[in-house]
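Secondary and tertiary structure notes
Each chain, letter by letter, is given below.
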Amino acid sequence: GQEIDIFLSWYEFYTLPAAFEMFTSVAALDRAFRNLTVEIFKEDLCPDGNCHGILTPGCINGKSDIDAYLAALGKNEVCTDGWWLAPACRSAPETCIPLLVADGSWHFTSFAQDIASNGMPLALTWFDRGWKGEQEAVRQLTDERFVFYA
């Protein structure tokens, strides 16, 4: 047979029909996040010693900063159980590819706009604990498959 070279733009892989099958589901990753116990940054993230279950997805409706981010995206944008679901997978959340970013205040709106305009089926979240929370998840959840951006 003849070899065919296929070159995709950086985002096009995510738009392939079965790309989500290569990643952990948002529901399973959400459970994994919520069950994490902080190990590395204990002094910073849980100085009181209560380090289990403090890393929860941070896209929460009703928080003024998050509501402002959502409003910048347009009408009817909401968080669902801690995640922002892109239009490309909103009607079928099981097809969303999970994306964890370091902090919601850091480019959430531009990330979401790029995701939506390129038709990427991504579910976006972060931890209120910021970069250190993201590092806990990335370092501990080595068997989970998700996209992260620090």
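Whatever comes next refers back to the structure up there.
Residues numbered from 1 in each chain as written. Predicted model: local features only at pLDDT ≥ 70, side-chain atom pairs only at ≥ 80, totals over all residues. Heavy atoms only, no water.

**With respect to the overall build of the protein chain**
The helix and strand tally for the protein chain stands at 5 helices and 4 strands. Principal-axis analysis of the C-alpha atoms places the extent of the protein chain at approximately 60 × 40 × 25 Å. Within the protein chain, the proportion of its 150 residues that are buried is 41%. Excluding contacts between residues fewer than 6 apart, the proportion of contacts in the protein chain whose partners are at least 24 apart in sequence is 69%. Accessible surface for the protein chain amounts to roughly 8300 Å². Of this, 51% is attributable to carbon and sulfur atoms. When the 10 positive and 21 negative side-chain charges of the protein chain are each reduced to one mean point, those points stand 6 Å apart. (Helix = DSSP H or I, 4+ residues; strand = E, 2+ residues; numbered from the N terminus. Buried < 20%, exposed > 50% of the residue type's maximum accessible area, 1.4 Å probe, protein only. Contact = heavy atoms within 4.5 Å. Areas by Shrake-Rupley, 256 points an atom, 1.4 Å probe, with all protein chains shown as cover. Lys, Arg positive; Asp, Glu negative; His and termini not counted. Charge placed at Lys NZ, Arg CZ, Asp CG, Glu CD.)

**Comments concerning the sheet that holds strand 4 (residues 147-149)**
The sheet built from 4 strands is open, its strands ordered 1-3-2-4 with mixed pairing. In the strand order of this sheet, the two ends are held by strand 1 (84-85) and strand 4, each with one partner. Note that strand 1 and strand 3 (residues 122-125) share 2 bridges and pair antiparallel. Directly across from leucine 85, in strand 3, lies its bridge partner alanine 123. (Pairing = 2+ DSSP bridges.)

**Some points on helix 5 (residues 130-140)**
Taken together, the buried positions of helix 5 are Gly130, Gly133, Glu134, Gln135, Glu136 and Ala137. Those residues of helix 5 that are buried lie in contact with helix 1 (26-34), helix 2 (42-45), strand 2 (97-101) and strand 4.

**With respect to the state of the cysteines**
Going through the model one piece at a time under the given rule, you end up with 3 disulfides. The side chain of cysteine 59 participates in a disulfide bridge whose partner is cysteine 79; the two sulfur atoms lie 1.9 Å from each other. Taking the torsion about the sulfur-sulfur bond, which here is approximately -60°, the covalent link between cysteine 59 and cysteine 79 counts as left-handed. Note that cysteine 59 is positioned in the loop between helix 2 and helix 3 (64-73) and cysteine 79 in the loop between helix 3 and strand 1, a separation of 20 residues in sequence. (Disulfide = S-S within 2.5 Å.)

**Some details on the side chain of threonine 125**
Here threonine 125 is to be found in strand 3. Classification of threonine 125 as buried rests on a relative accessible area of 0%. At a separation of 3.2 Å, a polar atom in the side chain of threonine 125 contacts the main-chain amide nitrogen of glycine 58. Excluding its chain neighbours within four sequence positions, the residues that come into contact with threonine 125 are Phe33, Pro57, Gly58, Cys59, Gly82, Trp83, Leu99, Leu100 and Val101. (Polar contact = N/O pair within 3.5 Å; in protein donor to acceptor, adjacent residues only side chain to side chain.)

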